[in-house]
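Each chain is listed here by its residues.
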Amino acid sequence: MIGLISATAAGAAARDRLAAAWPERTRVYEGPVGQAVRAAFAECEQLVCFLATGAVVRLLAPLLAGKAADPGVVCVDEGGRFAVSLLGGHGGGANALAREVGEVLGAEPVVTTATDAVGLPGLDTLGLPYEGSVAAVSRALLDGEPVALEAEVAWPLPPLPVAPQGSYTVRVTDRAVAPGEREVLLRPPSLVVGVGASKGAPAEEVIGLVEEALREAGLSPRSVAELATVDAKAEEPGIVAAAERLGVPLVTYSAEELAAVEVPNPSDAPLAAVGTPSVAEAAALVRGGELLVPKKKSAARPAMATCAVVRRPGRGRLAVVGLGPGARDLLTPRAAAELRRASVLVGLDQYVDQIRDLLRPGTRVLESGLGAEEERARTAVAQARKGHAVALIGSGDAGVYAMASPALAEASDDIDVVGVPGVTAALAAGAVLGAPLGHDHVSISLSDLHTPWEVIERRVRAAAEADLVVTFYNPRSRGRDWQLPKALAILAGHREPTTPVGVVRNASRPDEAGRVTTLAALDPATVDMMTVVTVGNTATRIIAGRMVTPRGYRWQEDPK
């Protein structure tokens, strides 16, 4: 919960705007400011104070307990100009909260945390449990000192400016080791503990068995992602208690699913009891991985619990990102976030140049020239399969004549794939022209590099006969100068010569140029590969110099 505190009418107005935007996340604290701050500090995970920073500092000083316990605090000035991350920038989430508040109120977020200021992800903000000298290693990264990354377990981390060797180390490990003096340990959620138990097995027996198995194998409990068992044991008190002790979810599978898993130590006892020859090993292995601890029984006599431990490899992550038509303000916040998250960026060199300044230090860039789409797709998927966080970029929307298709054709279910939509060239051009896409429309690429012209022509004819507004991508190049005249001729067979046509070059970019003409007057020689051509349907009109295609609803028809 986020506590909101204000002292003046101006502050209360901004406070109420935030409360209205986040009704489920916020609680307004009324009354004397000092009392309100103390109450919110004790009851909320975060605070937004619409007060001067000096006043908030004095009010908070007696309340501070420590970096790990204090809530995140953001201050907003009386004029609503700045949202200042004051306390708990990383641990309390104040840096991210300042940015969110800024988006809602139109305020400038002020973040002074050193790593954020230079674009480095904080080692304590990666979403992984951590141990060791975070401050010292972070300072080394900031100072440009060599910091080595030792990934004993492959995991998709954001970019870090690391070196093959260094006097400081970031180690990704699920082993129960202590950090060195100049080391940070990151604990990936790589371990799955499968558990089986007889009815009424004591919680102490199950918990003791799991802790003993991890300890003997030299594995860290902080890397346990989940406990797994058979559906029939979903409410067994001892198993539920073990999951609660470790602070992880309890995941269950049907007996049929577990029976299909090949295990080294099947048994007749669980087969008779719950319908599968293995519970602990099968539940741990059902989604793949390396069996680190085979089935182990508890020490009690008779033993009422079994467990097994599996290490699942980190799944790489491939984000297919649409950059939009080129203007920076049409790059979506989600796309920008994915660019900052990726440790590997794959893209066409000219698109990489557009967003290079958004990349974090340490991002590995794999760029190539025109005509290498399939190669880029294969490269991106291969990097994700190695456990990296990868961003594959394309212009417009990555799923429209761009990189999503070849990448997803290459990818299998061994990596996580995220699609990030972007503003397409057709939409950007449509906004320049007016409202040409107000009703049914279609986009057709006139490039016959990968699609036979016979197929393209059949689609153009179908669109013409269906009276669809048509946007032509890749309309004309030096080596392809006849396709656009041919396509326009097909449309002219079904539409009047006065049909509006919009021509937009470099939509949304500094040298953007757009004009509205007609089907009869358009000169194809004025069109190139940087141009989008939109041909209206029989209802499209030119109104005040803009293309408008009516939505066509009956209630909009002119009265007779």
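Here, every reference points to the structure presented above.
Residues numbered from 1 in each chain as written. Predicted model: local features only at pLDDT ≥ 70, side-chain atom pairs only at ≥ 80, totals over all residues. Heavy atoms only, no water.

This part covers the sheet that holds strand 27 (residues 541-543). An order of 21-28-27 is seen for the three strands of this open sheet, with the pairing classed as mixed. Each edge of the open sheet is held by one strand with a lone partner, namely strand 21 (434-435) and strand 27. Pairing of strand 21 with strand 28 (residues 546-548), which is carried by two bridges, proceeds in the parallel orientation. Residue glycine 434 lies in a different strand from strand 28, and its bridge partner there is methionine 547. (Pairing = 2+ DSSP bridges. Helix = DSSP H or I, 4+ residues; strand = E, 2+ residues; numbered from the N terminus.)

Here the focus is the sheet that holds strand 10 (residues 183-186). The four strands lie next to each other as 7-10-9-8, forming an open sheet whose pairing is mixed. Both outer strands of the open sheet, strand 7 (130-132) and strand 8 (147-151), are each paired with one neighbouring strand and no more. Neighbouring strand axes in the sheet, compared pairwise and without regard to direction, differ in orientation by 15 degrees on average. Two elements, strand 7 and strand 10, share three bridges in a ladder whose sense is antiparallel. Directly across from glycine 132, in strand 10, lies its bridge partner valine 184. (Axes fitted to C-alpha atoms, helices over the stretch in contact; angles between N-to-C directions.)

A few words now on helix 4 (residues 94-105). Here helix 4 is twelve residues long and its end C-alpha atoms lie 16 Å apart, about the 16 Å a rise of 1.5 Å per residue gives. Within helix 4, the full set of buried residues consists of Ala94, Asn95, Leu97, Ala98, Val101, Gly102 and Leu105. One face of helix 4 carries all of its buried residues, which in axial projection span an arc of 160 degrees. (Expected span 1.5 Å × (residues − 1). Buried < 20%, exposed > 50% of the residue type's maximum accessible area, 1.4 Å probe, protein only. Arc of directions from axis to C-beta.)

So, on to the nonpolar core. Inside soluble globular proteins, nonpolar side chains tend to come together where they are buried. Formed by 23 residues in total, the largest nonpolar core has its most connected members in Val193, Val195, Leu214 and Leu227. Elements represented by at least two residues in this core include exactly strand 11 (191-197), helix 7 (203-216), strand 12 (224-230), helix 8 (237-246) and strand 15 (305-311). Of the residues forming this core, the biggest block, six residues, is contributed by helix 7. Leucine 214 has contacts with Leu191, Val193, Leu219, Pro221, Val224 and Val309, leaving out every residue within four places of it along the chain. (Core = buried A, V, L, I, M, F, W, Y, C linked by side-chain atoms within 4.5 Å. Contact = heavy atoms within 4.5 Å.)

Here we come to the pattern of salt bridges. The full count for this structure, using the stated rule, is 27 salt bridges. Residues arginine 171 and glutamate 152 are paired through a salt bridge, measuring 3.3 Å at the closest nitrogen-oxygen approach. In this pair, arginine 171 sits in strand 9 (residues 168-172) while glutamate 152 sits in the loop between strand 8 and strand 9, placing the two residues 19 residues apart along the sequence. Taken together, the shared-partner salt bridges in this structure form one network comprising Glu152, Arg171, Arg175 and Glu183. (Salt bridge = Lys/Arg side-chain N within 4 Å of Asp/Glu carboxyl O.)

Another aspect to go through is empty space enclosed by the protein. What the rule picks out here adds up to one cavity of 30 Å³ or more. Reported here for the largest cavity is a volume of approximately 30 Å³. Those elements giving two or more residues to the lining of the largest cavity turn out to be strand 16 (317-322), helix 12 (333-341) and strand 19 (389-394). Broken down by element, the lining of the largest cavity gets its largest block of residues, three residues, from strand 19. Broken down by class, the residue content of the lining of the largest cavity amounts to five nonpolar, no polar and three charged. (1 Å grid on protein atoms, 1.4 Å probe; cavity = no way out; pocket = protein on both sides within 12 Å on 5 of 7 lines; lining within 4 Å. Points joined across faces, edges and corners; volume = space filled by probe spheres on them. Nonpolar A, V, L, I, M, F, W, Y, C, P; charged D, E, K, R; others polar.)

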